Amino acid sequence: MLIQVRSPRRRAALLAATTCTLLIVSGTAVAAGTPGTGSGSDDAARAWSVDLADVGADDVGVRASGEGLRLGAATGSSPGSTAVGDASGQLVAEPVELDFPAGGVAAEVDAATPAGTSVLVDVRGRYADEGPDSWTEWVPAGTPLPVAARTVQTRVTLVGHGEASPVVREVTLTPETKRSRSLQEVEARPTSGERAYTVYATREGLVGGTTANGHVITSRDHFVALPSRRGLSSNNSGSYSVRVCAASTGRCAYAPVWDVGPWNTTDDHWNASGTRQSWADLPQGKPQAQAAYQDGYNGGLDGFGRRVANPAGIDLADGTFWDGLGLTDNAWTTVTYLWTGSGPKGVVRTSGGPLTVRSGPGTGNAAVGQAGNHANVVIECTATGTTVTGYYGTSNVWNRIGPGNWISDAYVNTGSSGPVAPAC
């Protein structure tokens, strides 16, 4: 834990908050160094500051002002699938390359937080040799990263209350040498399968609305919402993607996580109790809304005190719901959280709509689902099949991305011109 006290009159109150990972304090900003400088265990020399004035395409609901980063009046809004009143917004900083693999990153925040508002700082690390968009989950700054990483990224989330907005003046990050590991350990992450659970799926809709990552929802869109920011991808990114399969239709859809919900915003139900952000007493894989609806958990209420009307643990955009899965009503599905496993991955890219998923390595095989643009899929193995010209050129390589699910390599960015997985 990193405790930074900038204002003496608040020292006693802040030091009493020993369960906090990050303390939001006010006072004078400190100077920051350049990442990757210094030597030995001089962590302070390796510190860097987030550029809070660089509000770009990956950011939503925030704006740079003379005072600092604050919620943007025009775009600050709640996640589309939760419909909660308080505004929120986020800034995703550019990735930073370190000169050693860090096992954690501490944060010091200089901010004004009026009553009811808050500032959250999360970090993540990039996995080595697993594809161009493979990252750990977002974790609170000051806690260990799931693996040590040489490339890290920071996300600053502002949560308002009524008309009040926090104002962030500076965020300083320091890589933690005491948690560092050798580069060999980073690159030798053991192979493991992705977590998959039975989850009730509902249709999000909300065409024309804005998701938690700033995406404007279009007709028959292809993305999903999960009830935690820990697995939220940036706009036009699929760092966190899922495979959703419906037994009732025999189809599977692959889609990036672009929104937060349904019902809750801190329920990473796919994680074990030691990691799960909220409701750690529930079984792994069981969403809080499902427990509230079926078992009366939390008095039948969600985390915002609302009566839970269905057991949903995932929301599906219209295209994922209707076209990818062929659903006509809400349904129980099998959701695979693709980033939770290891192995080679690739990012789906087309010039327009979703990519057809087929039952075998060729265009003559039956269509059994769809993969949305930017979905980051796990490549289990490869085979030769129909030659296809796609977004990344012409190829006869086909990738198996799930049981009986195949897509052409011509539409997948794997970071390599050849197969990245063994033959099937």
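Refer to the structure above for everything that follows.
Model, not experiment: these values are computed from the prediction.

## A closer look at the overall build of the protein
Within the protein, the secondary structure is distributed over 4 helices and 24 strands. Sequence separation of at least 24 residues holds for 67% of the intrachain contacts in the protein that already meet a minimum separation of 6. Roughly 16,500 Å² of accessible area belongs to the protein as shown, and the carbon and sulfur atoms make up 49% of that amount.

## Comments concerning the nonpolar core
Counting residues in each nonpolar core, the largest one holds 28 residues, and the members touching the most others are V168, V171 and L173. Looking at this core, the element that brings in the most residues is strand β6 (residues 96-112), giving 8 residues. With residues near it in sequence (within four places) discarded, V171 still touches W48, S49, V50, L52, E108, V109, V121 and V156. Listed in part, the 25 residues of the second largest apolar core include A253, F321, L327 and W339.

## A word on the state of the cysteines
This structure, assessed with the given rule, holds 2 disulfides. The disulfide bridge from C381 ends at C424, spanning 1.9 Å between sulfur atoms. In this structure the cystine formed by C381 and C424 twists about its S-S bond by roughly 95°; its chirality is therefore right-handed. With C381 in strand β21 (residues 381-390) and C424 in the segment after β24 (412-413), this pair connects stretches of sequence that are 43 residues apart. Take C381: its relative accessible area is 5%, and that puts it in the buried class.

## Looking at unusual backbone geometry
In this model, G261 is joined to P262 through a cis peptide bond whose omega is 0°. Secondary-structure assignment places P262 in the loop between β14 (251-260) and α3 (288-295). A positive phi angle is found at N298, which is not glycine, with a value near 55°. You can see N298 is positioned in the loop between α3 and β15 (312-316). Positive phi is not limited to glycine here, since H374 has a value of about 80°. Position of H374 among the secondary structure elements: in the loop between β19 (367-371) and β20 (376-378). Owing to a relative accessible area of 11%, H374 belongs among the buried residues under this scheme.

## Section: the pattern of salt bridges
In this structure the tally under the stated criterion is 12 salt bridges. Note that R46 and D99 form a salt bridge whose closest N and O atoms lie 2.4 Å from each other. One end of the pair, R46, is in the loop between β1 (24-25) and β2 (48-49); the other, D99, is in strand β6, and 53 residues separate them in sequence. Classification of R46 by relative accessible area gives buried; the value is 6%.

## Details of α3
Within α3, burial applies to Q288, A289, Q290, A291 and A292. The elements touched by buried residues of α3 are β11 (195-203), β15 and β16 (331-337). Two residues or fewer past α3, G296 is found with a positive phi of approximately 75°.

## Structural notes on the sheet that holds strand β17 (residues 345-348)
The 3 strands lie next to each other as β20-β17-β24, forming an open sheet whose pairing is antiparallel. Only two strands of the sheet have a single partner each, and these edge strands are β20 and β24.

## Thoughts on the side chain of E170
Within the element layout of this structure, E170 appears in strand β10 (residues 167-175). Polar contacts involving the side chain of E170 include one to the side chain of S49, which spans 2.8 Å.

## Some details on the pairing of strand β13 (residues 241-246)
Within β13, 6 of the 6 residues are buried, leaving the element largely enclosed by the surrounding structure. Neither face of β13 is left uncovered, since the one carrying S241, R243 and C245 and the one carrying V242, V244 and A246 both have all their residues buried. Relative to β14, β13 runs antiparallel, the two sharing 6 bridges. In the strand pairing of β14, V244 is matched with A253. What sits between the antiparallel neighbours β13 and β14 is a turn of 4 residues, in which G250 has the positive phi angle 70°. Where β13 meets β16, 4 bridges bridge the pair, whose relative direction is antiparallel. Paired with V244 across the bridge in β16 is V335.

The rules we used
- Residues numbered from 1 in each chain as written.
- Predicted model: local features only at pLDDT ≥ 70, side-chain atom pairs only at ≥ 80, totals over all residues.
- Heavy atoms only, no water.
- Helix = DSSP H or I, 4+ residues; strand = E, 2+ residues; numbered from the N terminus.
- Contact = heavy atoms within 4.5 Å.
- Areas by Shrake-Rupley, 256 points an atom, 1.4 Å probe, with all protein chains shown as cover.
- Core = buried A, V, L, I, M, F, W, Y, C linked by side-chain atoms within 4.5 Å.
- Buried < 20%, exposed > 50% of the residue type's maximum accessible area, 1.4 Å probe, protein only.
- Disulfide = S-S within 2.5 Å.
- Salt bridge = Lys/Arg side-chain N within 4 Å of Asp/Glu carboxyl O.
- Pairing = 2+ DSSP bridges.
- Polar contact = N/O pair within 3.5 Å; in protein donor to acceptor, adjacent residues only side chain to side chain.

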